[in-house]
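Descriptive analysis of the structure
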Amino acid sequence: MILLNILVIVIGIFLCVGILTMLGMYLRSEVQHYCYHQAPTIRTYYRHFQLMKSQLHLDPHKKLIDLGCGDGAALRFFSQYCVMTDLTGIDNNRIAIWYGMLLNRAFGHHTINLTYGDIQEIDISVYDYIYLFLVPKHLDTLQNWLQNNMKSDAIVVSNTFQFSHREVSEELRDPKT
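Residues numbered from 1 in each chain as written. Predicted model: local features only at pLDDT ≥ 70, side-chain atom pairs only at ≥ 80, totals over all residues. Heavy atoms only, no water.

Structural notes on helix H5 (residues 136-149)
Helical geometry note: an α-helix holds 3.6 residues per turn, so side chains three or four residues apart project in the same direction. The criterion, for reference: Secondary structure elements are defined from DSSP: runs of H or I of at least 4 residues count as helices, runs of E of at least 2 residues count as strands, and each element is numbered from the N terminus. One fewer than the residue count of a helix, multiplied by 1.5 Å, yields its expected span. Fitting one axis to the seven residues ending at a residue and another to the seven starting there, the bend at that residue is the angle between the two axes. Remark: exposure states derive from per-residue accessible area (1.4 Å probe, protein chains only) relative to the maximum for the residue type, with buried under 20%, exposed over 50%, and partly exposed in between. The contact rule is simple, with two residues in contact once any of their heavy atoms fall within 4.5 Å.
Over its 14 residues, H5 runs 19 Å from end to end, which matches the ideal 20 Å to within 8%, given 1.5 Å per residue. Its maximal kink placed at Leu142, H5 deviates by approximately 40 degrees. Among the residues of H5, Leu139, Leu142, Gln143, Trp145 and Leu146 are the ones counted as buried. Packed against the buried residues of H5 are strand S1 (63-67), strand S4 (129-132) and strand S5 (155-158).

Let's talk about the packing of aromatic side chains
The following threshold applies: Side-chain rings of Phe, Tyr and Trp, where Trp is taken by its six-membered ring, are said to pair if the distance between their centres is within 6.5 Å; with planes under 30 degrees apart they count as stacked, over 60 as edge-to-face, and otherwise as tilted. Charge-over-ring contacts are defined here by two conditions on Lys NZ or Arg CZ: a distance within 6 Å of the ring centre and an angle within 35 degrees of the ring normal.
Per the counting criterion, the structure on display carries three aromatic pairs. Their ring planes at 65 degrees and their centres at 5.4 Å tell us that Phe77 and Phe78 sit as a pair that is edge-to-face. Residue Phe77 is classed as buried on the basis of its relative accessible area of 6%. When its relative accessible area of 1% is taken as the criterion, Phe78 is described as buried. Measuring from ring centre to ring centre gives 5.4 Å for Phe77 and Tyr81, while their planes differ by 40 degrees; the resulting arrangement is tilted. Taken together, the positions of Phe77 and Tyr81, both in helix H3 (residues 73-81) and four residues apart, correspond to about one turn of that helix. By relative accessible area, which is 41% here, Tyr81 ends up partly exposed. Clustering of aromatic rings is evident, with ring pairs tying together Phe77, Phe78, Tyr81 and Tyr131. Here Lys63 stacks its cationic end above the ring of Tyr127, 5.3 Å away from the centre of that ring. The ring centre of Tyr116 lies 3.9 Å from the NZ or CZ of Arg94, which sits over that ring.

What to know about a nonpolar patch on the surface
Convention followed: Each patch is built from salt-bridge-free residues with over 30% relative accessible area, joining like charges within 9 Å and nonpolar side chains (Val, Leu, Ile, Met, Phe, Trp, Tyr) within 5 Å. For every accessible area listed, the method is Shrake-Rupley and the probe measures 1.4 Å; residues are considered covered only by the protein chains on display. A carboxyl oxygen of Asp or Glu within 4 Å of a side-chain nitrogen of Lys or Arg is what we treat as a salt bridge.
There is a patch of nonpolar side chains on the surface, built from Met1, Leu4, Leu7, Val8, Ile11, Leu15 and Ile19 and spanning about 750 Å² of accessible area. Topologically, Met1 is positioned in the segment before helix H1 (2-37). In this structure Met1 comes out as exposed when scored by relative accessible area, which is 76%.

Below is the structure:
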């Protein structure tokens, strides 16, 4: 019995050390990502998700891509609340992608495809919706590339930030503010 208790404690310690190591790798990768790309990973606020849930009516049979998806939190939202089944995310932070894949598996989001890579190397012409939550500097860098490579009827959803050289066709606003 004592041996079993010791074994359980040792396994618990190894699990805790493993989890803390993975968390440290994730946080270190965020810092390295910021230093190299000058782009912080920005989490979508819960209130933004609620606003999109109430006002953004997406066709669940169409394809959506999240450019700069981080760990895929927005994709999990679209999967759950918009009942979308063809969801793809791409990010250049390998640890965030790995962590997102782990979360997707743990919470049963099997229709989300997370990919590590450069945003501008993916074929976006097959997507109906393009979701972005990027700082203005990176939006402006992508603006011409998006225009030249997306479907003519694709809808770009930019969370929080706007393109500097583009008119906004529709803006979601919280009626409480």
